[in-house]
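# Examination of the molecular architecture
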Amino acid sequence: MAIRSPFPGMDPWLEQHWGDIHASLITYARDALNRHLPPGLRARMEERVYLESHEERVRHAVPDVRVVEFSRSHLAGKAVRGAAPGIAVAEPLVVEIQNDPITETFVQIIDARSGNRVVTVIEILSPSNKRPGTGQDLYLAKQEEIVSSGASLVEVDLLRDGRRVLACSPVHVPPSHRTPYQVCVKRGWRKFEYEVYRVPLREPLPGIRIPLRQGDEDAVLALQDLLEQAYANGGYDTIDYAVDPIPPLPADDKAWATEILRSRS
């Protein structure tokens, strides 16, 4: 029997495992697109790397800050000056905080016949894109650069927490499309148009149109298929659904989720 999430669309319990889910979705999106792109176009995984300050990481409880505690032997043999006879010199605890670089991956569709010109960029948002700090600043700068370049931009936001930073500002999105998750597509040749996909919690993820070169037929990316593949290959049938997801669900959605989980047991 195949491993499947109990939910028809986005599984909110997956949001707290986003490092693995994000990497899987990016890989599967590249592979799916390359099976159907027209001649000359290729989908490639790319990455950007940056450092967040220690304060940013602590504030957001990111678990990849390493704290290394050294024993007293770390200072053994170090001479001291000015210590009067009979005064004991205390040995401090030495703590080293190491900020590992953060790597974010995304998909670029390039035109291999035109000097690898970037045609479309596909971003699946990460928590660092949606919270104040270096990651968000870098993402917004890259977003502006892509839109200004004339390339198309596809943004997939499957995270409920944090600020919505899609190219189409939330103030321009009608209530019907202000769903917990959302997708925004900006075609490079349509300066003032944005395509917004509603992505409710209680429905399957949509298949979305991926713009290519102007004049090409759109490619289609089936988000639900990618998510189901990530769930199965990641072995997420071990999730403890008795514990609330992070962030918690609103009361009505929690009742709906509880009923789904009860019916499958």
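### Concerning the confidence of the model for the protein
- Put simply, the protein has an average pLDDT of 89, and 85% of its residues get 70 or more.
- Here residues 60-67 is modelled with pLDDT under 50, and outside its nearest four sequence neighbours on either side it reaches 19 contacts, counting other chains as well.

### Points about helix 6 (residues 251-264)
- For helix 6, which comprises 14 residues, the first-to-last C-alpha distance of 20 Å matches the rise-based estimate of 20 Å (1.5 Å per residue) to within 8%.
- Three or more residues of helix 6 are buried, namely D253, W256, A257, I260 and L261. Mapping the buried residues of helix 6 onto a view down its axis gives an arc of 130°, with all of them on the same face. Exposed side chains of helix 6 directed beyond 90 degrees from the buried face belong to A251, R262 and S263.

### Overview of the state of the cysteines
- Overall, the coordinates contain zero disulfides when judged by the stated rule.
- Considering cysteine sulfurs only, C184 is the nearest to C168, which forms no disulfide, with 5.3 Å between them.
- Judged by its relative accessible area of 9%, C168 falls in the buried class.

### What about the sheet that holds strand 4 (residues 102-111)?
- Taken in spatial order, the six strands of this open sheet run 1-4-5-6-7-8, and their pairing is mixed. Strands with a single pairing partner mark the edges of an open sheet, and in this sheet they are strand 1 (41-50) and strand 8 (195-199). The average undirected angle you get between the axes of adjacent strands in this sheet is 20°.
- When strand 1 meets strand 4, the two strands line up antiparallel, connected through ten bridges. Looking across to strand 4, one finds that E46 is bridged to F106.
- Sitting on the sheet, helix 1 (residues 18-34) touches strand 1, strand 4 and strand 5 (117-124), and the angle it makes with strand 1 is about 155°.

Reading guide: rules and limits
Residues numbered from 1 in each chain as written. Predicted model: local features only at pLDDT ≥ 70, side-chain atom pairs only at ≥ 80, totals over all residues. Heavy atoms only, no water. pLDDT = per-residue confidence, 0-100. Contact = heavy atoms within 4.5 Å. Helix = DSSP H or I, 4+ residues; strand = E, 2+ residues; numbered from the N terminus. Expected span 1.5 Å × (residues − 1). Buried < 20%, exposed > 50% of the residue type's maximum accessible area, 1.4 Å probe, protein only. Arc of directions from axis to C-beta. Disulfide = S-S within 2.5 Å. Pairing = 2+ DSSP bridges. Axes fitted to C-alpha atoms, helices over the stretch in contact; angles between N-to-C directions.

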